[in-house]
Number of protein chains: 2
Amino acid sequence: MNKPAKPKDFEPLKVTTGPLPASSKIYVSPAAAPDLRVPFREIGLHASAGEPPVRVYDTSGPYTDPQAAIHVEKGLPRARTAWVLERGGVEAYNGRVIKPEDNGNVGQKHLAKAFPIAHQPLRGDGSRPLTQLQCARAGIITKEMIYVAARENLGREQALANARATIADGESFGAAIPEYVTPEFVRDEIARGRAIIPCNINHPELEPMIIGRNFLVKINANIGNSAVTSSVEEEVEKMVWAIRWGADTVMDLSTGRNIHNTREWIIRNSPVPIGTVPIYQALEKVNGDPVKLDWEVYKDTLIEQCEQGVDYFTIHAGVRLGYIHLTADRVTGIVSRGGSIMAKWCLAHHKESFLYEHFDEICDLMAKYDVSFSLGDGLRPGSIADANDAAQFAELETLGELTKIAWEKGCQVMIEGPGHVPMHKIKINMEKQLRECGEAPFYTLGPLTTDIAPGYDHITSAIGAAMIGWFGTAMLCYVTPKEHLGLPNRDDVKEGVITYKIAAHAADLAKGHPAAQAWDDAMSRARFSFRWEDQFNLSLDPERALAFHDETLPKEAHKVAHFCSMCGPKFCSMKITQDVRDYAAKLNDKTFGMAEMSKKFVELGGEVYVPQDSDKP
Amino acid sequence: MNKPAKPKDFEPLKVTTGPLPASSKIYVSPAAAPDLRVPFREIGLHASAGEPPVRVYDTSGPYTDPQAAIHVEKGLPRARTAWVLERGGVEAYNGRVIKPEDNGNVGQKHLAKAFPIAHQPLRGDGSRPLTQLQCARAGIITKEMIYVAARENLGREQALANARATIADGESFGAAIPEYVTPEFVRDEIARGRAIIPCNINHPELEPMIIGRNFLVKINANIGNSAVTSSVEEEVEKMVWAIRWGADTVMDLSTGRNIHNTREWIIRNSPVPIGTVPIYQALEKVNGDPVKLDWEVYKDTLIEQCEQGVDYFTIHAGVRLGYIHLTADRVTGIVSRGGSIMAKWCLAHHKESFLYEHFDEICDLMAKYDVSFSLGDGLRPGSIADANDAAQFAELETLGELTKIAWEKGCQVMIEGPGHVPMHKIKINMEKQLRECGEAPFYTLGPLTTDIAPGYDHITSAIGAAMIGWFGTAMLCYVTPKEHLGLPNRDDVKEGVITYKIAAHAADLAKGHPAAQAWDDAMSRARFSFRWEDQFNLSLDPERALAFHDETLPKEAHKVAHFCSMCGPKFCSMKITQDVRDYAAKLNDKTFGMAEMSKKFVELGGEVYVPQDSDKP
């Protein structure tokens, strides 16, 4: 007989904590709201650098703060509740009662444990502006706006003050990126609908962030339970893991059983906005039959998730009955899950989509909690062949129409985009989205620029993501190497997040973000000075950079050596550049006195280097 | 006492052989030269597909042909000798005697075994056009031209004949990609200097390929011995491994000892063009001191490599004395190894570069063997901060000047390009190169679009490579994940090659190559029809696609199942699309009779699917 296992409820949940190498968490309190603590990561450099730490944007929340006490069973501190309450216009009330179908009618044996603490939900009482959009239009600068302004300004003070810094140039395709982000600039962008701060008033654990074309390009990571393989513990850890490497928002795409309980654990422990696709849960409530969906069950699901604190909803309200036949001749038909659910419903009932028909009511509901729209692209192309077709663009036009309705109702809105698009067809997506949707933020999945590399679709899509981010997309939904093949594991999530940080940062550089290049320059100076540890620590993935270096040159001494494995110790092209600098410094002008200068160079001492290893030409 | 090891010389060298999954090697004989056998790979599809095999470009040589007898000690068949001899204008002669310094004066104990067979070299006797450029200008269509025309036409016959095929659109930025490639088109492109066929007459093992803006975008993989870790065996296998996954050319960047012998093994076994950087070997001959280099030792090295059969030389003749001080204020100075060697030489002697001074003689020599120029960018930027600066562009202008001289001398020319360039500065590189260098093919390293991700520079650079390939770059030099950190191993070489195949193919799609999309469409049809095995086999990396799938759904049955791990067996968005098609087929027109159509749909049978798993929204 086996010894009975310790009941699972008594085991504290474990998540990854602790800082990244050489990194410290710092908090900045903006002058406009000294009670706020805006987080940054500072990467310390070797003393020989003679440079201050490099400050970078930090999505990782308290988990990387050694001072923070992490208790997953309690959730993160709920600092933002005070901000919401001090603005007023909200009421606490007894929320909807949790029903068995919220967790997929799972039996007691398989029911995931409920989050131990119940919080009473808040909702707007209609007495004053509630959403960030309503506040912005009323001229109110919220604490969320002050917070994101400070957060986005990362390095800009230094860039403006420091003559050494590279002056960023760039081509932003009509974006209006300011030298310095003020809370008023944030307010104005939100009021114009050009940016959103996804921040349900019932998600007070949130560290606010902004999504918009005139801010840093953001990335989203998808997680979600698999009925068979995932547990609550795993899903919370997936979220913590994704934000550790840089995910700005996380979408919980869970289906099947335990949806409600799993989501509660995630939200209570998430410092980043959480997005969902409510139709997935609604479908569970009707036993998986799209035909049985109706407005009542969908509305019930929205309320449930609004009360839990979901920050944005993907809603496929643009999949209209009249567009569905446009997909009939596609190579890959409808590949969006939400899109296909709605298409099935529309066809079965031969009715207009209930999401489209009830859009006003959806807006009214979401506005009470400040849940943002992510208008879903249910008809996005699933292959190069189907890119930019009539179905895709018809839906996009409808999303533009819905954007205006949602704005009218005071809701924040972003728009989802493709998918699979060859390079030459990417820009038209961005241009049409800006035009149709009044510059509401665009949020794209990749796009993948070719279909022929399953196993490498993080790369096929990073190419498209970097480009569309440059053209103006505000947030990039990551794609992992497992796309089209299976469910991402821990390594895949990290690979996807890092790959998308690359795409987003490459876009920031190309757009001419005033401070983006500071990070690149710090890396390049470290590289040129052979500060190996600094190069590892400044990498988006310090662990991999160190491990790759050690494969070739594992000795500790090599990490402070003035050479690298490409050229070896006796020859070094970067060392030669030092000769060039010494030489140039001795030149009084650019008139080269041939024989004389030759002598001078010998005086300056031309060491002899012996090449030893392979290199690029 | 240990038993003495079997002498190494008696062990046959092992390289990777055998076809890729579901693939057959086929050979096509063009009507214009029925003795030629142009290789392709055909990927067979499942019988249920009802589609012919997908024919793809094949760089892998005889190693993937089960009919071919591979004997590394004998080298590949030397079919092209007959083509060269039948054209005439060449003489066989006793080549330069191999000297100890050719192998870095390595002692007998460490000397790599010599290739067992000695072939007498050929050279032009001046009696008639020799290089492909000279032939093209004289109106001669060579067998190499016929061969590459057939090779490039991959799928175009079918594309033109098959009404089902997607008509490729695209934006080629002024390129002139034909619907169908004729030998005359190839001749004309070569005559204009817009394309090259790197094909030393002493490399008759070659399967000719073409590099030019109006042909498929090509990729290069770098290999090279490391003094400590590599052997002849490893280098030959690296080459075979790189071409197995799609490398169109291979550069041998070996330094240190055994350069000559290692290179001989590589060339004798290589079906793809081999490029080198002769200054690396020249430097070995002067014991690694750049200051001691001179024209005589460099010329001696060129002759040695011309006789061995190197197909193209990187020559950094644009690093002029007067440009060197332009790099003094760079963040990362001179990062090209060849560039820094020449800079050091110029500074030490305070003289103009001997490569620049002797450029005419270099041309005369290379023309005798038809070795192509790859004019090196020794002053390329090594960081985002240094992109597109005065030093880089001054050198590019000189490369343009040298291109015209080389053309005058009958030499084929391509131009090397950067390096590290943010996205918004990529296009100007291409435009300036086309303008300065008279449309000679551009050959770039990446470029990397950000500096902050060591460990992922295959990805930071694939973004830039795909874009510059689209804009007109003819060949992309791969970057592996080990870039900046260490020496690539076998996995890194594969990862680099596949990543660059993605970039090149994405560029072909975007340029509007008439047949490129056929591969994507075959993949997408397989995906839509749940032909899992076909998806794996059509992937650039069938092994990884299969392995990733099996991580989530390892059972054999799942490979023929009509579902995937994203949605599970009970719900499937692609299945719903079939409902859409059935529905659309029943519609006589687009007038929707609501109630009636609803009934019809029920008649058509709307199965019930139960979603089970996570998915993209």
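Before any of the text, the structure's been laid out above.
Now for a quick tour of the structure. Note that the coordinates shown come from a computational prediction; the quantities given were computed from them, not determined experimentally.

**Focus: the overall build of chain A**
Helix and strand counts for chain A stand at 22 helices and 15 strands. Long-range contacts, defined here as pairs at least 24 residues apart, represent 76% of the contacts in chain A between residues at least 6 apart. Accessible area for chain A stands at about 20,200 Å²; split by element, carbon and sulfur atoms hold 53% of it.

**Considerations on the pairing of strand β14 (residues 442–445) of chain A**
Residue and element names in this part refer to chain A. Going residue by residue along β14, you find F442 and T444 tucked away on one face and Y443 and L445 tucked away on the opposite face as well. Across 3 bridges, strand β13 (residues 413–417) lies against β14 in parallel orientation. The partner of E416 across the bridge, within β14, is Y443. At this point the chain moves from β13, through helix α15 (residues 426–436), to the parallel β14, and the crossover so formed is right-handed. Bridge count for β14 against strand β15 (residues 475–477) is 3 bridges, and the pairing is parallel. Residue pairing in the sheet places Y443 in a bridge with M475 of β15. Taken together, β14, helix α16 (residues 457–471) and β15 form a β-α-β motif whose crossover is right-handed.

**Structural notes on the packing of aromatic side chains**
Inspection of every chain in the model, using the stated rule, returns 26 aromatic pairs over all chains. Ring geometry for W345(A) versus F354(A): centroids 4.9 Å apart, planes at 75°, classification edge-to-face. For W345(A), a relative accessible area of 6% translates into the label buried. Geometrically, the ring pair formed by W83(B) and Y147(B) is tilted, given 5.9 Å between the ring centres and 45° between the ring planes.

**Notes on a negative patch on the surface**
Together, D294(A), E296(A), D360(A) and E361(A) line one region of the surface with negative charge. Mapped onto the fold, E361(A) is located in helix α13 (residues 359–367).

**Quick word on the environment of S336(A)**
Residue and element names in this part refer to chain A. With respect to the helices and strands, S336 occurs in the loop between α10 (321–324) and α11 (337–349). Given a relative accessible area of 0%, S336 falls into the buried group. In this structure, the C-alpha to C-alpha distance between S336 and E543, residues 207 residues apart in sequence, is 35 Å. Looking at S336, its side chain comes within polar contact range of the main-chain nitrogen of G338, at 3.4 Å. Only 2.9 Å separates the side chain of S336 from the backbone nitrogen of G339, close enough to count as a polar contact.

**Here we look at the side chain of D311(B)**
All names here are of chain B. If you trace the backbone, D311 turns up in the loop between α9 (295–308) and β11 (312–315). R80 provides the closest opposite charge to the buried, unpaired D311, separated from it by 5.1 Å. A distance of 2.9 Å separates the side chain of D311 from the backbone nitrogen of N200, its partner in a polar contact. Ignoring any residue separated from it by four or fewer positions in sequence, one finds D311 in contact with P198, C199, N200, H203, L206, V272, P273, I274, D370, V371 and S372.

**Quick word on the sheet that holds strand β10 (residues 274–276) of chain B**
Residues and elements named next belong to chain B. The parallel closed barrel is built from 8 strands, whose spatial order is β8-β9-β10-β11-β12-β13-β14-β15. Between one strand axis and the next, the sheet turns through 25° on average, direction left out of account. In this structure, strand β12 (residues 372–375) lies alongside strand β13 (residues 413–417), joined through 3 bridges in parallel fashion. Residue pairing for β13: S374 is matched across the bridge by M414.

**Focus: helix α18 (residues 517–528) of chain A**
All names here are of chain A. Taking 1.5 Å per residue as the helical rise, α18 with its 12 residues ought to reach 16 Å, and the 16 Å between its terminal C-alpha atoms agrees with that figure. Of all 12 residues that make up α18, 10 are buried, and the element is covered over most of its length. For α18, the full list of buried residues reads Q517, W519, D520, D521, A522, M523, S524, A526, R527 and F528. Just downstream of α18, F530 is the residue with a positive phi angle, here 60°.

**A word on the pattern of salt bridges**
Overall, the coordinates contain 90 salt bridges over all chains when judged by the stated rule. Taking the shortest distance from any N to any O, the salt bridge between R78(A) and E205(A) comes out at 2.7 Å. Placement of the pair is R78(A) in the loop between β3 (54–57) and α1 (80–87) and E205(A) in the loop between β6 (195–196) and β7 (211–212), with a sequence separation of 127 residues. Between R263(B) and E304(B) there is a salt bridge whose closest N-O contact spans 3.3 Å. Pair noted here: R263(B) is in helix α7 (residues 259–268) and E304(B) is in helix α9, with a separation of 41 residues, a long-range link.

**Things to note about the packing of helix α8 (residues 278–285) of chain A against helix α9 (residues 295–308) of chain A**
Two quantities define a packed helix pair, namely the angle between the axes and the distance from one axis to the other. All names here are of chain A. Put simply, α8 and α9 touch, their axes get as near as 9 Å, and they point 125° apart. The angle between α8 and α9 falls in the class oblique. For the pair α8 and α9, the sense of crossing is right-handed. Between α8 and α9, the contacting residues are P278, I279, Q281, A282 and K285 on the first element and V297, Y298, D300, T301, L302, E304 and Q305 on the second. Broken down by class, the residue content of the contact of α8 with α9 amounts to 6 nonpolar, 3 polar and 3 charged.

Criteria and thresholds
- Residues numbered from 1 in each chain as written.
- Chains lettered and ligands numbered in written order.
- Predicted model: local features only at pLDDT ≥ 70, side-chain atom pairs only at ≥ 80, totals over all residues.
- Heavy atoms only, no water.
- Helix = DSSP H or I, 4+ residues; strand = E, 2+ residues; numbered from the N terminus.
- Contact = heavy atoms within 4.5 Å.
- Areas by Shrake-Rupley, 256 points an atom, 1.4 Å probe, with all protein chains shown as cover.
- Buried < 20%, exposed > 50% of the residue type's maximum accessible area, 1.4 Å probe, protein only.
- Pairing = 2+ DSSP bridges.
- Right-handed = clockwise from strand over helix to strand, strands pointing away.
- Phe/Tyr/Trp six-rings, centres within 6.5 Å; stacked < 30°, edge-to-face > 60°.
- Patch = residues over 30% accessible without salt bridge, like charges linked within 9 Å, V, L, I, M, F, W, Y side chains within 5 Å.
- Salt bridge = Lys/Arg side-chain N within 4 Å of Asp/Glu carboxyl O.
- Lys, Arg positive; Asp, Glu negative; His and termini not counted.
- Charge placed at Lys NZ, Arg CZ, Asp CG, Glu CD.
- Polar contact = N/O pair within 3.5 Å; in protein donor to acceptor, adjacent residues only side chain to side chain.
- Axes fitted to C-alpha atoms, helices over the stretch in contact; angles between N-to-C directions.
- Expected span 1.5 Å × (residues − 1).
- Parallel < 35°, antiparallel > 145°, perpendicular 65-115°, else oblique.
- Left-handed = near helix turned anticlockwise from the far one by under 90°.
- Nonpolar A, V, L, I, M, F, W, Y, C, P; charged D, E, K, R; others polar.

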